[in-house]
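One-letter residues, chain by chain:
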Protein chains: 2
Amino acid sequence: MHSTIKDVAAHSGVSIATVSRALNAPQLLNAETLAKVRESIEALDFMPSARGRQLRGVRTRLVGVVVPTLANPVFAESLQGIDEAACASDYRLMLMTTAYDSARERRAIETLREQRVDGLIATVADAESNPLLDELDRIGLPYVLAHNDTAYRAAVSVDNRRAARDGVCALLQRGHRRILMLAGSFAESDRARLRYRGYEDAMLGAGLTPHPPIELDFNADDLPPSLLAHLSDPARRPTALFCSNDRLAIIVMRGLRHAGLSVPGDISVLGFDGIPLGEWLSTALSSVATPNREIGRYAWLHLAARLGLPGDTANGPVPFKLPHSVRTGATIAPLIDPAARTASLVSENPA
Amino acid sequence: MHSTIKDVAAHSGVSIATVSRALNAPQLLNAETLAKVRESIEALDFMPSARGRQLRGVRTRLVGVVVPTLANPVFAESLQGIDEAACASDYRLMLMTTAYDSARERRAIETLREQRVDGLIATVADAESNPLLDELDRIGLPYVLAHNDTAYRAAVSVDNRRAARDGVCALLQRGHRRILMLAGSFAESDRARLRYRGYEDAMLGAGLTPHPPIELDFNADDLPPSLLAHLSDPARRPTALFCSNDRLAIIVMRGLRHAGLSVPGDISVLGFDGIPLGEWLSTALSSVATPNREIGRYAWLHLAARLGLPGDTANGPVPFKLPHSVRTGATIAPLIDPAARTASLVSENPA
DNA sequence: ATGAAAGCGCTAACAC
DNA sequence: GTGTTAGCGCTTTCAT
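Residues numbered from 1 in each chain as written. Chains lettered and ligands numbered in written order. Predicted model: local features only at pLDDT ≥ 70, side-chain atom pairs only at ≥ 80, totals over all residues. Heavy atoms only, no water.

The name an unreviewed UniProt entry assigns to chain A is DNA-binding LacI/PurR family transcriptional regulator, from the organism Caballeronia udeis.

So this is what it looks like as structure tokens:
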């Protein structure tokens, strides 16, 4: 099917070594020989096999990338960042998705080891106690986590806890006191848990008692009763909702409007992730924005360093924690009703 | 670095052939030998190299995937579809992005040829006259296009022209006559052009003169003058806008609201793509929805067939054209003002 | 400046 | 049931 270096050698009447040199060190060849070989390469549509090369060589110039899903724009964005950076270093990506499933994580990593990737970038369900990663450490296959927020391994992310705290503080600064946190499935993400910690930090810091998180597993058209119960009494309902991600925030906003509540008139909404679309909504979504593309790019930079690739050392060491920002759009309003300031859904903290 | 089949053979005191059999045909081995070999495999963290295998074998079980960008959820979705389907057939993905740039398309395809992918799935800027694809045809490397809408090559997509026509017809049926089409960059997408043709079809079919498309290259916060000019006079402004994709539609809706126009009160908006987020907007976006994930899946099915993989033949031949649907959300309202029916931005077609 | 030959990790005849 | 060996496509000494 494919022509090989042998075919080219035969076609141009030289040895395979000469063809190899035409490919890798053309300056060593006689100009005429080179021309002849190149003609044959053209004529035969020859394209050297990375397989043959890699078998011989030390590196495959392949990076494995493991992400939960591409349906989440957060991962699509960081993948984009990895792709751009890795391509610039002449590396190629092998992509595997896991749907947050640890069996699939295991298969993904096995596959990538078989493919002899030089290293890998992964977003895993559990970054801390993870035997798969321990094994990578043991066998010495370099990897860098992206989005996972842990101090125990090389991991590029924002500081989710502080980011969430800062987001909630922005609400507090605008006078909100009755702030609820909504989350997708906690089970599936260590990040959601850290964000809840951040919410707690902010609330406690303001002398307020954090409310337990409300978990929403959302596929319905309307808000679940667990949330509606909190919204019924205007005097006691929360004045702001902090959602653990933007998709959730958008869905919730819709539900609120269906329930006859205006955003931000009746209730403010803050998301997390900073997906691009949020900014374009007619009521621009407020969000704790994370630099997803940069997370991908920095993950690659760290991996590149571990691979001993010539790095851009001009800017000093590459950070693991990237700065977040609180993007206050139109979905947050300052609280003006003084009554709301004193009424309390969450009881005041005596401390 | 990695241990090889030789290491395992030495460690367990058998020949490399036996190790190979332990991997590929364990039933041929004596139970004790097998156990011994497996122990060594464990002990040495041995993982067979796909490189060695592929060099010998006919197939690499690798598919190349070439998409313009992952920032567009349309491609992220179809990639997801490819991934799911290909993984199910025990194939792995090599991903390359091109940013609609033909030089990058060329490099992507070269890279994938070097990697000896068994076939590839691509979304290219120009599907019809494309030397790269012609070359693939010549050398016999199987490929299937996704999203590209052409009859000249194997390509899985919706019928963009008919889909656009159907979308515009939905507007016409609701009494709209002054309908404008907005598009991103036409240069970059054959699909946008086909969608404009569909708009023309619908307008002409209703005895109306289509208006030239308004091209928006959007990064600004407000609507460009080219569009605002059309909106100034309430008596003559369009009653509906057909946008060539959903991102554009969302941005335009925001601009309209900034300009003091309500959607759909003053003006209806129809998008194209059916991105999931659109449905979750508080005013759910109307859109000509395309089955992106299915496009990916079917592209794989076609490729699998060309690769001679055992296909799911139960459901008959796999189609190339997938059904679109017009999702009418809240951004379209029927036209009630009879005055608007007769006034005309676009002149009535005498035919 | 070019060729001959070994070897990368593995599979598959073929032998025993 | 297991071992020996050739060879997949390429790079890389080592000769010439």
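### Points about the pattern of salt bridges
Residues and elements named next belong to chain B. Which entries qualify depends on this criterion: By salt bridge we mean one thing: a side-chain nitrogen of Lys or Arg within 4 Å of a carboxyl oxygen of Asp or Glu. Here a helix means four or more residues in a row that DSSP labels H or I, a strand means two or more in a row labelled E, and each is numbered from the N terminus. Relative accessible area decides the class of each residue, using a 1.4 Å probe on protein chains only: under 20% of the type maximum gives buried, over 50% gives exposed, and in between gives partly exposed.
The final tally for this structure, using the stated rule, is 30 salt bridges over all chains. Of the charged contacts, one joins Arg153 and Asp137 as a salt bridge, the two residues approaching to 3.4 Å between their closest N and O atoms. Of this pair, Arg153 sits in the loop between strand 4 (143–146) and strand 5 (155–158) while Asp137 sits in helix 7 (residues 131–139); the two residues are 16 residues apart in sequence, bridging distant segments of the chain. Under the relative-accessibility criterion, Arg153 is labelled buried at 10%.

### Some thoughts on the relation of the copies chain B and chain A
Worth spelling out the cut-off: Only residues with pLDDT of at least 70 in both copies count here: their C-alpha atoms drive the least-squares fit that superposes the copies. The contact rule is simple, with two residues in contact once any of their heavy atoms fall within 4.5 Å.
Once turned by 180° and shifted 0.0 Å along the axis, chain B lies on chain A with an RMSD of 0.1 Å. Taken together, the rotation and translation relating the two chain copies correspond to the operation of a two-fold axis. No C-alpha of chain B approaches the rotation axis more nearly than that of Met94(B), which lies at 2.4 Å. A share of 100% of interface residues in chain B that are also interface residues in chain A marks the association as one of identical surfaces.

### Brief notes about the sheet that holds strand 7 (residues 214–215) of chain A
Residue and element names in this part refer to chain A. Note the threshold: Paired strands, as defined in this entry, are two strands with at least two bridges between them according to DSSP. Structural elements are reduced to axes, namely lines fitted to C-alpha atoms, with helices fitted over the stretch in contact, and the angle between N-to-C directions of any two is expressed from 0 to 180 degrees.
Overall, mixed pairing links the six strands, which are arranged 7-6-8-9-10-12 in an open sheet. The sheet is open, and its two edges are formed by strand 7 and strand 12 (325–327), each paired on a single side. In this sheet, strand 9 (residues 268–273) lies alongside strand 8 (residues 240–243) in parallel orientation, the contact comprising three bridges. Paired with Leu241 across the bridge in strand 9 is Val269. Here helix 8 (residues 160–173) sits on the sheet and contacts strand 6 (179–183), strand 8, strand 9, strand 10 (286–289) and strand 12; the angle it forms with strand 9, its principal contact strand, is near 160°.

### With respect to the protein's contact with DNA strand D
Rules: We call a residue near a molecule or strand whenever a single non-hydrogen atom of that residue lies within 4 Å of it. Pairs of N or O atoms within 3.5 Å make up the polar contacts considered here, provided that, within protein, one atom can donate a hydrogen while the other can accept it, and that residues adjacent in sequence are counted only when both atoms are side-chain atoms. Residue type decides the class: Asp, Glu, Lys and Arg count as charged, Ala, Val, Leu, Ile, Met, Phe, Trp, Tyr, Cys and Pro as nonpolar, and the leftover types, Gly among them, as polar.
As a structural note, the neighbourhood of DNA strand D is formed by 25 residues, with Ile5(A), Thr18(B), Arg21(B), Thr33(B) and Arg56(B) the closest of them. Sugar plus phosphate: this is where 56% of the atoms of DNA strand D within 4 Å of the protein reside. Here a phosphate oxygen of DNA strand D sits 3.0 Å away from a polar atom, N or O, in the side chain of Asn24(A). Backbone polar atom of Asn30(B) to a phosphate oxygen of DNA strand D: 2.8 Å apart, as the coordinates give it. Looking at the surface near DNA strand D, the elements that each hand over two or more residues are helix 1 (5–12), helix 2 (16–24) and helix 4 (50–56) of chain A together with helix 2 (16–24) and helix 4 (50–56) of chain B. By residue class, the composition of the surface near DNA strand D is eleven nonpolar, nine polar and five charged.

### A short note on the environment of Arg113(B)
Mapped onto the elements, Arg113(B) comes out in helix 6 (residues 102–114). For Arg113(B), a relative accessible area of 6% puts it in the buried group. As a C-alpha pair, Arg113(B) and Leu136(B) span 23 residues in sequence and 9.4 Å in three-dimensional space. If sequence neighbours within four positions are ignored, Arg113(B) has contacts with Asp45(A), Met47(A), Glu135(B), Leu136(B), Ile139(B) and Leu141(B). Within the structure, Arg113(B) has its side chain in polar contact with the backbone oxygen of Asp45(A) (distance 3.0 Å).

### Quick look at unusual backbone geometry
In this model, Val263(A) is joined to Pro264(A) through a cis peptide bond whose omega is 5°. For Pro264(A), the position within the fold is in the loop between helix 11 (246–258) and strand 9. Backbone geometry places Ala99(B), a non-glycine residue, at a positive phi of 55°. Turning to its location among the elements, Ala99(B) is positioned in the loop between strand 2 (92–97) and helix 6.

### What about the packing of helix 1 of chain A against helix 3 (residues 31–44) of chain A?
All names here are of chain A. Here is the rule we go by: What sets the label is the angle itself: under 35 degrees gives roughly parallel, over 145 gives roughly antiparallel, 65 to 115 gives roughly perpendicular, and the rest give oblique. With the far helix as reference, a near helix turned anticlockwise by less than a right angle produces a left-handed crossing, and one turned clockwise produces a right-handed crossing.
For the pair helix 1 and helix 3, the least separation of the axes is 9 Å and the interaxial angle reads 125°. With respect to helix 3, the axis of helix 1 lies oblique. At the point where helix 1 passes helix 3, the crossing takes the right-handed sense. Together, Asp7, Val8, His11 and Ser12 of helix 1 and Lys36, Val37, Ser40, Ile41, Ala43 and Leu44 of helix 3 make up the contact between the two elements.

### What about the protein's contact with DNA strand C?
Around DNA strand C, the surrounding shell holds 25 residues, and the nearest of these are Thr18(A), Arg21(A), Thr33(A), Arg56(A) and Ile5(B). Sugar and phosphate atoms form 64% of the subset of DNA strand C atoms that lie within 4 Å of the protein. Note that a phosphate oxygen of DNA strand C is positioned 2.8 Å from one of the backbone N or O atoms of Ser49(B). When residues of the surface near DNA strand C are traced back to their parent elements, those giving at least two are helix 2 and helix 4 of chain A together with helix 1 (5–12), helix 2 and helix 4 of chain B. Of the residues belonging to the surface near DNA strand C, the class tally is eleven nonpolar, nine polar and five charged.

### What to know about the interface of chain B and chain A
Using the following cut-off: Accessible surface is computed with a 1.4 Å probe, and the buried area is the amount of it that two parts give up when combined, taken over both parts together.
Every contact between the two is made by 52 residues of chain B and, on the other side, 53 residues of chain A. Together, the buried faces of chain B and chain A total about 5,200 Å²; carbon and sulfur atoms form 58% of this surface. Summed over the three residues of chain B that lose the most area to chain A, namely Arg51(B), Arg116(B) and Trp280(B), the buried surface amounts to 16% of that side. At the junction of chain B with chain A, the criterion picks out two salt bridges. Between Asp45(A) and Arg138(B) there is a salt bridge, with its nearest N and O atoms 2.8 Å apart. Run the count over chain B and chain A and you get 25 residue pairs in polar contact (both at pLDDT 80 or more). If you list the elements that add at least two residues to the side of chain B that touches chain A, you get helix 4, helix 5 (73–88), strand 2, helix 6, helix 7, helix 11 (246–258) and helix 12 (276–280) of chain B. Considering each element in turn, the side of chain B that touches chain A owes the most residues, six residues, to strand 2 of chain B. Taken together, the residues that form the side of chain B that touches chain A break down as 24 nonpolar, 13 polar and 15 charged.

### A look at the environment of Ser262(B)
All names here are of chain B. Residue position: Ser262 is located in the loop between helix 11 and strand 9 (268–273). In this structure, the C-alpha to C-alpha distance between Ser262 and Glu279, residues 17 residues apart in sequence, is 18 Å. At 3.3 Å, the side chain of Ser262 and the backbone nitrogen of Gly265 are in polar contact.

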